[in-house]
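Letter by letter, the chains look like this.
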Amino acid sequence: MTDLFGPAEWAAIWLSLQVAVVATVCALPLAIWVAYVLARKSFPGRQLLNGLVHLPLVLPPVVTGYLLLVVFGQQGPVGAFLFNSFGVSFTFRWTGAALAAAVMAFPLMVRAIRLGIEAVDPGLEDAAATLGASRRRIFATVTLPLIMPGVLAGAVLGFAKALGEFGATITFVAAIPGQTQTIPSAIYGLLQVPGEEPAVLRLVFVSIVLAMGALLLSEWLARRMARKVGR
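Residues numbered from 1 in each chain as written. Predicted model: local features only at pLDDT ≥ 70, side-chain atom pairs only at ≥ 80, totals over all residues. Heavy atoms only, no water.

1. Description of a nonpolar patch on the surface
Part 1: Side chains of Val63, Tyr66, Leu67, Leu69, Val70, Val71 and Val78 sit close together on the surface and give an oily, nonpolar patch of about 520 Å² of accessible area.
Part 2: Per-element tally for the nonpolar patch: the top contributor is helix 3 (residues 61–72), with six residues.
Part 3: Topologically, Val78 is positioned in helix 4 (residues 77–86).
Part 4: Since its relative accessible area comes to 33%, Val78 is described here as partly exposed. (Patch = residues over 30% accessible without salt bridge, like charges linked within 9 Å, V, L, I, M, F, W, Y side chains within 5 Å. Areas by Shrake-Rupley, 256 points an atom, 1.4 Å probe, with all protein chains shown as cover. Salt bridge = Lys/Arg side-chain N within 4 Å of Asp/Glu carboxyl O. Helix = DSSP H or I, 4+ residues; strand = E, 2+ residues; numbered from the N terminus. Buried < 20%, exposed > 50% of the residue type's maximum accessible area, 1.4 Å probe, protein only.)

Printed below as a string of C-alpha coordinates:
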(Lines give C-alpha, C1' and ligand atoms only; values in the text may rest on other atoms or scores of the structure.)
Protein backbone atom coordinates (compact mmCIF):
# COMPACT_ATOMS: atom_id res chain seq x y z
CA MET A 1 0.00 0.00 0.00
CA THR A 2 2.80 2.40 0.88
CA ASP A 3 4.33 1.81 -2.57
CA LEU A 4 1.23 3.16 -4.29
CA PHE A 5 1.78 6.75 -3.16
CA GLY A 6 4.81 8.98 -2.93
CA PRO A 7 5.72 10.95 0.21
CA ALA A 8 4.07 14.12 -1.10
CA GLU A 9 0.86 12.24 -1.90
CA TRP A 10 0.75 10.60 1.54
CA ALA A 11 1.34 13.99 3.15
CA ALA A 12 -1.60 15.47 1.22
CA ILE A 13 -3.88 12.54 2.15
CA TRP A 14 -3.09 12.62 5.87
CA LEU A 15 -3.25 16.41 6.00
CA SER A 16 -6.67 16.36 4.30
CA LEU A 17 -7.97 13.87 6.86
CA GLN A 18 -6.51 15.91 9.72
CA VAL A 19 -8.00 19.15 8.40
CA ALA A 20 -11.43 17.58 7.78
CA VAL A 21 -11.61 15.95 11.23
CA VAL A 22 -10.51 19.08 13.10
CA ALA A 23 -12.82 21.31 11.05
CA THR A 24 -15.81 19.04 11.70
CA VAL A 25 -15.16 18.54 15.41
CA CYS A 26 -14.59 22.25 16.06
CA ALA A 27 -17.57 23.46 13.99
CA LEU A 28 -20.12 20.87 15.17
CA PRO A 29 -20.95 22.31 18.64
CA LEU A 30 -21.47 25.80 17.19
CA ALA A 31 -23.52 24.35 14.32
CA ILE A 32 -25.82 22.57 16.78
CA TRP A 33 -26.32 25.76 18.79
CA VAL A 34 -26.95 27.95 15.73
CA ALA A 35 -29.33 25.38 14.25
CA TYR A 36 -31.27 25.26 17.52
CA VAL A 37 -31.50 29.05 17.68
CA LEU A 38 -32.72 29.29 14.09
CA ALA A 39 -35.23 26.47 14.56
CA ARG A 40 -36.64 27.32 17.98
CA LYS A 41 -36.09 31.03 18.65
CA SER A 42 -37.78 34.11 17.22
CA PHE A 43 -35.88 37.38 17.49
CA PRO A 44 -35.06 40.49 15.45
CA GLY A 45 -32.31 39.74 12.96
CA ARG A 46 -33.11 36.03 12.73
CA GLN A 47 -33.26 36.13 8.94
CA LEU A 48 -30.04 38.13 8.84
CA LEU A 49 -28.32 35.45 10.94
CA ASN A 50 -29.73 32.78 8.65
CA GLY A 51 -28.36 34.64 5.63
CA LEU A 52 -24.92 35.07 7.19
CA VAL A 53 -24.76 31.38 8.09
CA HIS A 54 -25.51 30.32 4.52
CA LEU A 55 -23.43 33.04 2.85
CA PRO A 56 -20.39 30.76 2.21
CA LEU A 57 -22.64 28.53 0.09
CA VAL A 58 -23.37 31.29 -2.42
CA LEU A 59 -20.18 33.34 -2.28
CA PRO A 60 -17.31 32.30 -4.55
CA PRO A 61 -14.92 30.27 -2.37
CA VAL A 62 -12.09 32.60 -3.37
CA VAL A 63 -14.01 35.51 -1.85
CA THR A 64 -14.50 33.57 1.38
CA GLY A 65 -10.80 32.76 1.45
CA TYR A 66 -9.89 36.41 0.88
CA LEU A 67 -12.20 37.53 3.69
CA LEU A 68 -10.58 34.98 5.99
CA LEU A 69 -7.19 36.36 5.02
CA VAL A 70 -8.32 39.93 5.76
CA VAL A 71 -9.84 39.02 9.13
CA PHE A 72 -7.57 36.21 10.36
CA GLY A 73 -4.30 37.16 8.68
CA GLN A 74 -1.54 38.44 10.93
CA GLN A 75 -2.41 42.00 9.88
CA GLY A 76 -6.14 41.46 10.30
CA PRO A 77 -8.09 42.48 13.42
CA VAL A 78 -8.70 38.97 14.75
CA GLY A 79 -5.49 37.45 13.42
CA ALA A 80 -3.30 40.20 14.87
CA PHE A 81 -4.97 39.88 18.28
CA LEU A 82 -4.55 36.09 18.36
CA PHE A 83 -0.93 36.26 17.23
CA ASN A 84 0.12 39.07 19.56
CA SER A 85 -1.77 37.71 22.58
CA PHE A 86 -1.40 33.94 22.21
CA GLY A 87 1.10 33.39 19.41
CA VAL A 88 -1.64 31.73 17.31
CA SER A 89 -1.37 32.15 13.56
CA PHE A 90 -3.61 30.71 10.83
CA THR A 91 -1.95 31.98 7.67
CA PHE A 92 0.13 29.44 5.74
CA ARG A 93 -0.50 26.74 8.38
CA TRP A 94 -2.67 23.66 8.47
CA THR A 95 -4.79 25.28 11.19
CA GLY A 96 -5.74 27.92 8.63
CA ALA A 97 -6.77 25.19 6.22
CA ALA A 98 -8.95 23.71 8.98
CA LEU A 99 -10.50 27.12 9.65
CA ALA A 100 -11.30 27.64 5.96
CA ALA A 101 -12.75 24.14 5.70
CA ALA A 102 -14.87 24.67 8.82
CA VAL A 103 -16.29 27.93 7.47
CA MET A 104 -17.21 26.32 4.16
CA ALA A 105 -18.72 23.23 5.82
CA PHE A 106 -20.62 25.12 8.50
CA PRO A 107 -23.75 25.97 6.44
CA LEU A 108 -24.27 22.35 5.42
CA MET A 109 -23.96 21.21 9.01
CA VAL A 110 -26.40 23.82 10.28
CA ARG A 111 -28.95 23.04 7.59
CA ALA A 112 -28.97 19.29 8.26
CA ILE A 113 -29.16 19.72 12.03
CA ARG A 114 -31.86 22.39 11.77
CA LEU A 115 -34.06 20.07 9.72
CA GLY A 116 -33.66 17.47 12.45
CA ILE A 117 -34.64 19.94 15.17
CA GLU A 118 -37.68 21.18 13.26
CA ALA A 119 -38.87 17.56 12.94
CA VAL A 120 -38.98 17.17 16.74
CA ASP A 121 -42.37 17.82 18.32
CA PRO A 122 -41.97 20.85 20.63
CA GLY A 123 -44.64 19.27 22.83
CA LEU A 124 -42.09 16.71 24.01
CA GLU A 125 -39.81 19.49 25.20
CA ASP A 126 -42.75 21.32 26.82
CA ALA A 127 -43.75 18.14 28.65
CA ALA A 128 -40.25 17.81 30.08
CA ALA A 129 -40.36 21.46 31.14
CA THR A 130 -43.61 20.93 33.04
CA LEU A 131 -41.84 18.20 35.01
CA GLY A 132 -39.29 20.71 36.20
CA ALA A 133 -36.40 19.93 33.84
CA SER A 134 -34.07 22.80 33.01
CA ARG A 135 -33.48 23.91 29.43
CA ARG A 136 -30.05 22.30 29.38
CA ARG A 137 -31.43 19.03 30.73
CA ILE A 138 -34.28 19.08 28.22
CA PHE A 139 -31.86 19.59 25.38
CA ALA A 140 -29.46 16.91 26.61
CA THR A 141 -32.05 14.24 27.43
CA VAL A 142 -34.90 14.94 25.00
CA THR A 143 -33.88 17.08 22.03
CA LEU A 144 -30.35 15.86 21.39
CA PRO A 145 -31.18 12.11 21.26
CA LEU A 146 -34.06 12.82 18.86
CA ILE A 147 -31.98 14.96 16.52
CA MET A 148 -28.93 12.70 16.60
CA PRO A 149 -29.55 11.38 13.04
CA GLY A 150 -29.54 14.99 11.82
CA VAL A 151 -26.40 15.74 13.81
CA LEU A 152 -24.66 12.72 12.29
CA ALA A 153 -25.81 13.68 8.81
CA GLY A 154 -24.58 17.23 9.33
CA ALA A 155 -21.23 16.04 10.68
CA VAL A 156 -20.64 13.74 7.73
CA LEU A 157 -21.72 16.37 5.21
CA GLY A 158 -19.37 18.81 6.89
CA PHE A 159 -16.54 16.27 6.87
CA ALA A 160 -17.05 15.55 3.18
CA LYS A 161 -17.18 19.25 2.34
CA ALA A 162 -14.06 19.95 4.40
CA LEU A 163 -12.27 17.06 2.72
CA GLY A 164 -12.92 18.51 -0.72
CA GLU A 165 -12.52 22.21 0.03
CA PHE A 166 -10.19 23.98 -2.40
CA GLY A 167 -10.94 27.61 -3.30
CA ALA A 168 -11.09 29.17 0.16
CA THR A 169 -8.19 27.06 1.42
CA ILE A 170 -5.72 27.85 -1.35
CA THR A 171 -6.61 31.55 -1.16
CA PHE A 172 -6.15 31.71 2.61
CA VAL A 173 -3.17 29.44 3.24
CA ALA A 174 -1.82 28.65 -0.27
CA ALA A 175 -0.69 25.10 -1.11
CA ILE A 176 2.58 24.43 0.69
CA PRO A 177 3.60 20.75 0.40
CA GLY A 178 3.53 19.05 3.78
CA GLN A 179 2.00 22.06 5.51
CA THR A 180 -1.16 23.28 3.75
CA GLN A 181 -1.37 21.16 0.60
CA THR A 182 -4.50 19.04 0.84
CA ILE A 183 -5.73 16.50 -1.73
CA PRO A 184 -7.60 19.05 -3.91
CA SER A 185 -4.67 21.48 -4.02
CA ALA A 186 -2.25 18.60 -4.65
CA ILE A 187 -4.39 17.45 -7.59
CA TYR A 188 -4.48 20.99 -8.95
CA GLY A 189 -0.71 21.33 -8.65
CA LEU A 190 -0.07 17.98 -10.33
CA LEU A 191 -2.34 18.92 -13.22
CA GLN A 192 0.06 21.74 -14.03
CA VAL A 193 2.96 19.28 -14.43
CA PRO A 194 3.16 17.17 -17.62
CA GLY A 195 3.32 13.43 -17.03
CA GLU A 196 1.75 13.45 -13.58
CA GLU A 197 -1.58 11.97 -14.69
CA PRO A 198 -1.03 8.69 -12.76
CA ALA A 199 -0.52 10.59 -9.50
CA VAL A 200 -3.62 12.67 -10.24
CA LEU A 201 -5.69 9.53 -10.82
CA ARG A 202 -4.44 8.00 -7.57
CA LEU A 203 -5.45 11.04 -5.56
CA VAL A 204 -8.80 11.26 -7.37
CA PHE A 205 -9.42 7.61 -6.46
CA VAL A 206 -8.59 8.32 -2.81
CA SER A 207 -10.98 11.29 -2.82
CA ILE A 208 -13.81 9.16 -4.20
CA VAL A 209 -13.17 6.36 -1.69
CA LEU A 210 -13.08 8.74 1.28
CA ALA A 211 -16.19 10.63 0.20
CA MET A 212 -18.16 7.46 -0.54
CA GLY A 213 -17.01 5.89 2.72
CA ALA A 214 -18.16 8.95 4.66
CA LEU A 215 -21.58 8.91 3.00
CA LEU A 216 -22.11 5.18 3.58
CA LEU A 217 -21.03 5.56 7.19
CA SER A 218 -23.48 8.41 7.70
CA GLU A 219 -26.35 6.37 6.28
CA TRP A 220 -25.50 3.42 8.53
CA LEU A 221 -25.17 5.57 11.63
CA ALA A 222 -28.37 7.48 10.86
CA ARG A 223 -30.38 4.27 10.41
CA ARG A 224 -28.90 2.77 13.57
CA MET A 225 -29.63 5.90 15.60
CA ALA A 226 -33.16 6.17 14.17
CA ARG A 227 -33.90 2.59 15.28
CA LYS A 228 -32.66 3.36 18.79
CA VAL A 229 -34.74 6.54 19.02
CA GLY A 230 -37.81 4.70 17.72
CA ARG A 231 -37.69 2.07 20.45
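2. Here we look at the nonpolar core
Part 1: Grouped together as the largest cluster of nonpolar side chains are 41 residues, with contacts concentrated most on Leu28, Phe106, Val110, Ile113 and Phe172.
Part 2: Contributing elements (two or more residues each) for this core: helix 1 (7–40), helix 5 (94–118), helix 7 (135–164) and helix 8 (167–173).
Part 3: With 13 residues, the single largest contributor to this core is helix 5.
Part 4: The contact partners of Leu28, leaving out residues within four places of it in the chain, are Met109, Ile113, Val151 and Ala155.
Part 5: Core analysis: the second largest hydrophobic core is formed by twelve residues, Ile13, Ala186, Leu190 and Ala199 among them. (Core = buried A, V, L, I, M, F, W, Y, C linked by side-chain atoms within 4.5 Å. Contact = heavy atoms within 4.5 Å.)

3. Structural notes on the side chain of Glu165
Part 1: Mapping Glu165 onto the fold places it in the loop between helix 7 and helix 8.
Part 2: A distance of 2.8 Å separates the side chain of Glu165 from the backbone nitrogen of Ala168, its partner in a polar contact.
Part 3: Once you skip the residues sitting within four places of it in the chain, Glu165 turns out to touch Pro61, Ala101, Met104, Thr182 and Pro184. (Polar contact = N/O pair within 3.5 Å; in protein donor to acceptor, adjacent residues only side chain to side chain.)

4. Some thoughts on helix 5
Part 1: For helix 5, built from 25 residues, the straight-helix expectation of 36 Å at 1.5 Å per residue is met to within 8% by its first-to-last C-alpha distance of 35 Å.
Part 2: Within helix 5, the axis deviates most sharply at Ala105, by approximately 40°, and proline Pro107 lies no more than four positions further along.
Part 3: Of all 25 residues in helix 5, 18 are buried; the element is thus mostly enclosed. (Expected span 1.5 Å × (residues − 1). Bend = angle between axes of the 7 residues up to and from the residue.)

5. A short note on the confidence of the model for the chain
Part 1: This prediction gives the chain a mean pLDDT of 89; 95% of its residues lie at or above 70.
Part 2: Looking across the chain, the model is least confident in helix 10 (residues 197–230), with a mean pLDDT of 81, and most confident in helix 3, with 95. (pLDDT = per-residue confidence, 0-100.)

6. Describing unusual backbone geometry
Note: most peptide bonds trans; most residues except glycine with negative phi.
Part 1: Not every positive phi belongs to a glycine, and Phe92 is a case in point at roughly 60°.
Part 2: Relative to the assigned elements, Phe92 resides in the loop between helix 4 and helix 5.
Part 3: Positive phi, close to 65°, is recorded for Ala174, a residue that is not glycine.
Part 4: By the element assignment, Ala174 lies in the loop between helix 8 and helix 9 (183–191).

7. What to know about helix 7
Part 1: Over its 30 residues, helix 7 extends only 37 Å from the first C-alpha to the last, a length that falls short of the 44 Å expected when each residue adds 1.5 Å.
Part 2: Taken as a whole, helix 7 carries its principal kink of about 55° at Met148; the proline Pro149 stands between one and four residues after it.

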